[in-house]
Amino acid sequence: MSRARADEEEYWHSSKFRAFTFDDEEDELSQLKESKRAVNSLRDIVDDDDDDLERVSWSGEPVGSISWSIKETASSSTSSLEGRDSSLQKGSSSYAAFPKQVSSYSLSSLFKGRNKLPSFQSLSDALSDTGVKNYAPELRRPKAEYKDYSSDWSPKDTVRRMQRGKVCSLERFRSLQDKLVLLDEAVARHDGNVITAVLIFLKRTLRREILFRELEVRQVALCHLIHFLKETGEQKLLLDLLRFLDRTEEVALSQYREHLNIQDVEKRREFLKGCIGLPFSAEDTSHIQDHYTLLERQIIIEANDRHLETAGQSEIFRKYPRKASILNMPLVTTLFYSCFYHYTEAEGTFSSPTNLKKTFKIPDKQYVLTALAARAKLRAWDDVDALFTTKNWLGYTKKKAPIGFHRVVEILQRNNAPVQVLQEYVRLVEDVETRLNLATKYKCHDVVIETYRDLKDRIQLTAYKCKVERGSAEEEKINSILNN
Amino acid sequence: MAAHLSSGRVNLTALREAGRRELREFLDKCAGSKAIVWDEYLTGPFGLIAQYSLLKEHEVEKMFTLKPGRLPQADVKNVIFFVRPRLELMDIITDNVLREDRGRSPQRDFHILFVPRRSLLCEQWLKEQGVLGSFIHREQYSLDLIPFDGDLLSMESESTFKECYLESDQTSLYHAAKGLMTLQALYGTIPQIFGKGECARHVANMMIRMKREFPGSQNSIFPVFDTLLLLDRNVDLLTPLATQLTYEGLIDEIYGIQNTYVKLPPEKFAPKKQGEGGKDLPTEPKKLQLNSAEELYAEIRDKNFNAVGSVLSKKAKIISAAFEERHHAKTVGEIKQFVSQLPHMQAARSSLANHTSIAELIKDITTSEDFFDNLTVEQEFMSGIDTDKVNNYIEDCIAQKHPLIKILRLVCLQSVCNSGLKQKVLDHYKREILQTYGYEHILTLNNLEKAGLLKPQTGGRNNYPTIRKTLRLWMDDVNEQNPNDISYVYSGYAPLSVRLAQLLARPGWRSIEEVLKMLPGPHFEERQQLPAGLQKKRQHGENRVTLVFFLGGVTYAEIAALRFLSQMEDGGTEYVIATTKLINGTSWIKSLMEKLEPAPF
């Protein structure tokens, strides 16, 4: 499928497809440069005193905007007033004028999670915490009157009032019939807020089977209930409902989602094992199975390797200490890890790359890419060589790369392979032009020279002479070819 | 402050004013000094309505960001929570209230302002936590449509698409309808409503019903809008997936514009003053506001990026020349005149400096090899080439572990351009993605499938070529410098959504009935009766005004395309754009991805 480079070029130039390029590269660039120059030169003419023009802090928040003021009013309670005031007077766009407040109100601090809180708590807080719940409701009686209930609003009026944000008592809707009329009325108005409120009421006052049965014929309300149960985390009721509706795949996915909330790996593995039998689609089932198998493997590998590492006996772990645990990493990352630390292991062990490849049916291409990256990182050039060597039945060896040798070269280059190694693979790039490009780019002189020789291109070869070092072996080689 | 809102055909300052009034009224309900605790997400949208000075006038003395733990000490009478109705936020509020020092005197009063709506579910939740009674005022502030610019309104409701198409929760459509009612109260009843898609149908129904139920709302304002066009995002899933190539679109793709602000890497904006050396290189991102209040930005925002360089260089010459004038100013009068123009010239210069820097930043990216390759594949797909087999570039990107969202954008684009992928191709992509990025992403892939972005081809029919040809979605000879068609915004691809708007204006949808049937959801037309005195008699040559409402999000490139149509000579229609959220492919896909970390609380 891949077009040869030359074809590609031609394709782009001749065809109707316009890629997003600057038609006139030079001109365009110079245009930007030009305006840049103008801007800069003007800076000398008028000194940058627009500070007084716009009252904008460096971060660009206009002074006085809401988000600016949050920092501002918040910081005044924590940081000293002095620095702040001076910056205000300048009101400048100079970044330095603003004290860098370690704002305790950043978004990230907002979402760091509750579990970190106790450390900030004083002992007395912690002690009184349990009592708070019972105490709080009576803390203060609401002064506002919100329980505006007259007892006999019709369903229609009730829904209308709720829509306007008034709280109505729904308790007087006792019969199933009344409740359903109320629900239908809410649905007819598409106001999710009211629909949900009615559903909460129905959920509390109806038997489960009846609720499910009635919702089955009321799709909109049903969707809202499902959404609501997801939101409030009522997993069990949600699953019961989906099962009742026979939405088996959803049941399966919804249950599988739960594994994300399980931190303990052993428990997570057990949980995933339980997921395998769930009614996923055929394709998904195999993915879930793989997910379980992978985690199972990772647990074994992790235990072994941690042991090896702490024992300090294994050279590879001493030389390249692990940066993170392999648990819960994706499959390809795991394969990389195993190619890095366990490359030579026999297929029988769980941590060997070949075993992983077989178990998870990793395609050749993917496997070679990953192994190459791992071995190149270790600068194990022999392994790299072996990766592309195949023997045919007569015992001749041949080089083959399922990913194309130009990709091999790129990956090796990224891992700082020496020229001797690099040129071996550049030589194997089949397309002549690509080969020449790569060879020139990475200074594989031999390959360039040989290629020009094979092309019988005297002009290029002569021209190339100035790229190699004077008096070097390469120069001699060029001379001898030219002389023949 | 808000002059740019009145620059367009419809003066949107009135809408902003209405929002400010409502806010003041609420603040005055809580008598005495106040502290506001903000749901961080809301500060951006609120900033477009009001400044701190307005709040201060109404005794707001302190402002904090909502976070769990004890509320900061502040000697105020009232503490008001400004929040979206979300359960996770209710948990934080509960925590705040429970930790309030009950020994302090005088005690502080608590209030909640729900934006945009009070939620019975949230109140129920607070009740279960035992804190509902602690709040004196629980009110709502219906910030439905926020004016972003002279011709642009957004609800900034990030999850509308997900709620509508994944969860079948139409609450935000209800808000959209309410927003439209507010708009009609201010700008008159819109006589004609057109729509395409399920959600569009719902919104139109709700509007008609609301109008019927509040006959008092029959207003006597002369209608400003002639037509309302409601468009479902799922009618055109393709457009947001493609990389936007207008100046503003690229800024958004690369840096993300939030509530008209963009944060940029500071290096290129370092003030180059003599003697300062490099000692204080700024490390905080540079934040800039982007709207039509800035003359230069208004001129270049909607251009194809390839046409931006020449405008900037022209501007540079003009400004240089203007500054040169000072040498020719001989008489006192001339010098005086020069000086009087200085502030304006300085503003123009700093604006030019900023945009030159931004253009340089963007250019670094658009000239990169990967940007080129990515765009090449996108354009192949959109023009219908090789959409039915596994794509090499996508495979390479997966192998190199490019960001998952990039991969998903491309795969979804391929799927949409092929009316679904062949099962074998789909399975192949799925497997590669799961093996490389983790099996848990099966949940995200499922969401994309549900939303119709990624799906197997059913019935073996690919409708896309017919749609592409009939609506002329792919234009071969695109002129980026002096465009003559909306396809310039994607350098070849004409956004489907905007094409529908264009064809509606002329010659009308009847001409494309067949294609409309291929796109999801019903298309319809409704009329709203106007009292006799309010019917418009159009002056000769006067343009019609159409409000296009994108349900589920709109991209900056689509906005640019509509502005292009507004400005066309004898186009006959001017457009005002409303949406539930300003999106790009990345933010859109992100909103559909399963959150993989456990909830923070």
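Computed from a predicted structure; not experimentally measured.

**Digging into the pairing of strand β6 (residues 146–149) of chain B**
Residues and elements named next belong to chain B. As defined by bridge partners, β6 adjoins strand β7 (residues 152–154) across three bridges and the pair is classed as antiparallel. Directly across from Pro147, in β7, lies its bridge partner Leu153. Here β6 folds back onto β7 in antiparallel fashion, the turn holding two residues.

**Describing a negative patch on the surface**
Where like charges cluster on the molecular surface, the negative patch consists of B:Glu25, B:Asp28, B:Glu59 and B:Glu61. Residue B:Glu61 is classed as partly exposed on the basis of its relative accessible area, which comes to 42%.

**Things to note about the packing of helix α1 (residues 13–29) of chain B against helix α7 (residues 171–187) of chain B**
Residue and element names in this part refer to chain B. Relative to each other, α1 and α7 sit at 115°, their axes nearing to 10 Å. Here α1 lies roughly perpendicular to α7, going by the angle between them. The handedness of the crossing between α1 and α7 is right-handed. Contacts between α1 and α7 involve Thr13, Ala14, Leu15 and Ala18 on the former and, on the latter, Thr182, Leu183, Leu186 and Tyr187. Its residues placed into classes, the contact of α1 with α7 shows six nonpolar, two polar and no charged.

**Re the pattern of salt bridges**
The full count for this structure, using the stated rule, is 63 salt bridges over all chains. When the shortest N-O distance is used, the salt bridge between A:Arg407 and B:Asp396 registers 2.7 Å. One end of the pair, A:Arg407, is in helix α21 (residues 405–414); the other, B:Asp396, is in helix α14 (residues 392–399), on a second chain. Taking the shortest distance from any N to any O, the salt bridge between A:Glu450 and A:Lys477 comes out at 3.0 Å. Here A:Glu450, found in helix α24 (residues 445–455), pairs with A:Lys477, found in helix α26 (residues 473–483); they are 27 residues apart in sequence, far enough to count as distant. We classify A:Glu450 as buried; its relative accessible area is 18%. The network of salt bridges with common partners includes B:Asp149, B:Asp151, B:Glu248, B:Arg301, B:Asp302 and B:Arg563.

**Thoughts on the domain arrangement of chain B**
Splitting chain B by domain gives domain 1 (3–143), domain 2 (148–239 + 496–532 + 539–588), domain 3 (247–270 + 284–367) and domain 4 (370–462). The gap between the C-alpha centroids of domain 1 of chain B and domain 4 of chain B is 43 Å.

**Points about the environment of B:Gly69**
If you trace the backbone, B:Gly69 turns up in the loop between β2 (60–65) and β3 (78–83). Expressed as a C-alpha distance, the spacing of B:Gly69 and B:Phe371, which sit 302 residues apart in the sequence, is 45 Å.

**Remarks on the sheet that holds strand β12 (residues 286–289) of chain B**
Residue and element names in this part refer to chain B. Taken in spatial order, the three strands of this open sheet run β10-β11-β12, and their pairing is antiparallel. Looking at the sheet topology across the chains shown, the edges are occupied by β10 (257–258) and β12. Bridge count between strand β11 (residues 261–264) and β12: four bridges; the pairing is antiparallel. Looking across to β12, one finds that Tyr261 is bridged to Gln289.

**Some details on the nonpolar core**
Across soluble globular proteins, nonpolar side chains show a tendency to be buried alongside one another. Counting residues in hydrophobic clusters, the biggest one holds 248 residues, and the most contacted among them are A:Leu412, B:Leu55 and B:Leu230. A total of nine residues in this core trace back to one element, the largest contributor, which is helix α15 (residues 404–416) of chain B. With residues up to four places along the chain from it excluded, the contact list for B:Leu230 reads B:Leu180, B:Ile193, B:Phe194, B:Gly195, B:Lys196, B:Ala200, B:Val203, B:Ala204, B:Phe524, B:Phe549 and B:Leu551. A:Val187, A:Ile195, B:Leu66 and B:Val97 belong to the second largest nonpolar core, which has 62 residues in total.

**Points about helix α22 (residues 419–426) of chain A**
At 3.6 residues per turn, the α-helix brings residues three or four places apart onto the same side. Along α22(A), the residues that are buried comprise A:Val421, A:Leu422, A:Gln423, A:Tyr425 and A:Val426. Tucked inside the fold, the buried residues of α22(A) contact α20 (381–388), α21, α23 (432–441) and α24 of chain A.

**Examining empty space enclosed by the protein**
Residue and element names in this part refer to chain B. Taken as a whole and assessed by the stated rule, the structure comprises three cavities of 30 Å³ or more. Space inside the largest cavity adds up to approximately 60 Å³. Around the largest cavity sit Phe148, Asp149, Leu152, Glu248, Ile257, Thr260, Leu290, Arg301, Tyr556 and Leu582, which together line it. Partitioning the lining of the largest cavity into residue classes produces six nonpolar, one polar and three charged. Both domain 2 (148–239 + 496–532 + 539–588) and domain 3 (247–270 + 284–367) contribute no fewer than three residues apiece to the lining of the largest cavity.

**Describing the sheet that holds β6(B)**
Within a beta sheet, neighbouring strands are joined by backbone hydrogen bonds and run either parallel or antiparallel to one another. Residue and element names in this part refer to chain B. Judged by pairing direction, the sheet is mixed, and its seven strands sit side by side in the order β6-β7-β15-β14-β9-β8-β13 without closing on themselves. Since the sheet does not close on itself, it has two edges, and those belong to β6 and β13 (523–527), each with one partner. Between one strand and the next, the sheet's axes are offset by a mean angle of 20°, whatever the strand orientation. Both strand β14 (residues 544–551) and strand β15 (residues 573–579) contribute to a ladder of seven bridges, which runs parallel. Paired with Arg544 across the two strands is Thr573, which belongs to β15. Docked against the sheet, helix α8 (residues 198–213) engages β8 (192–196), β9 (227–232), β13 and β14, running at close to 140° with respect to β9.

Cut-off values and rules
Residues numbered from 1 in each chain as written. Chains lettered and ligands numbered in written order. Predicted model: local features only at pLDDT ≥ 70, side-chain atom pairs only at ≥ 80, totals over all residues. Heavy atoms only, no water. Pairing = 2+ DSSP bridges. Helix = DSSP H or I, 4+ residues; strand = E, 2+ residues; numbered from the N terminus. Patch = residues over 30% accessible without salt bridge, like charges linked within 9 Å, V, L, I, M, F, W, Y side chains within 5 Å. Areas by Shrake-Rupley, 256 points an atom, 1.4 Å probe, with all protein chains shown as cover. Salt bridge = Lys/Arg side-chain N within 4 Å of Asp/Glu carboxyl O. Lys, Arg positive; Asp, Glu negative; His and termini not counted. Charge placed at Lys NZ, Arg CZ, Asp CG, Glu CD. Buried < 20%, exposed > 50% of the residue type's maximum accessible area, 1.4 Å probe, protein only. Axes fitted to C-alpha atoms, helices over the stretch in contact; angles between N-to-C directions. Parallel < 35°, antiparallel > 145°, perpendicular 65-115°, else oblique. Left-handed = near helix turned anticlockwise from the far one by under 90°. Contact = heavy atoms within 4.5 Å. Nonpolar A, V, L, I, M, F, W, Y, C, P; charged D, E, K, R; others polar. Domains from an automatic or database assignment. Core = buried A, V, L, I, M, F, W, Y, C linked by side-chain atoms within 4.5 Å. 1 Å grid on protein atoms, 1.4 Å probe; cavity = no way out; pocket = protein on both sides within 12 Å on 5 of 7 lines; lining within 4 Å. Points joined across faces, edges and corners; volume = space filled by probe spheres on them.

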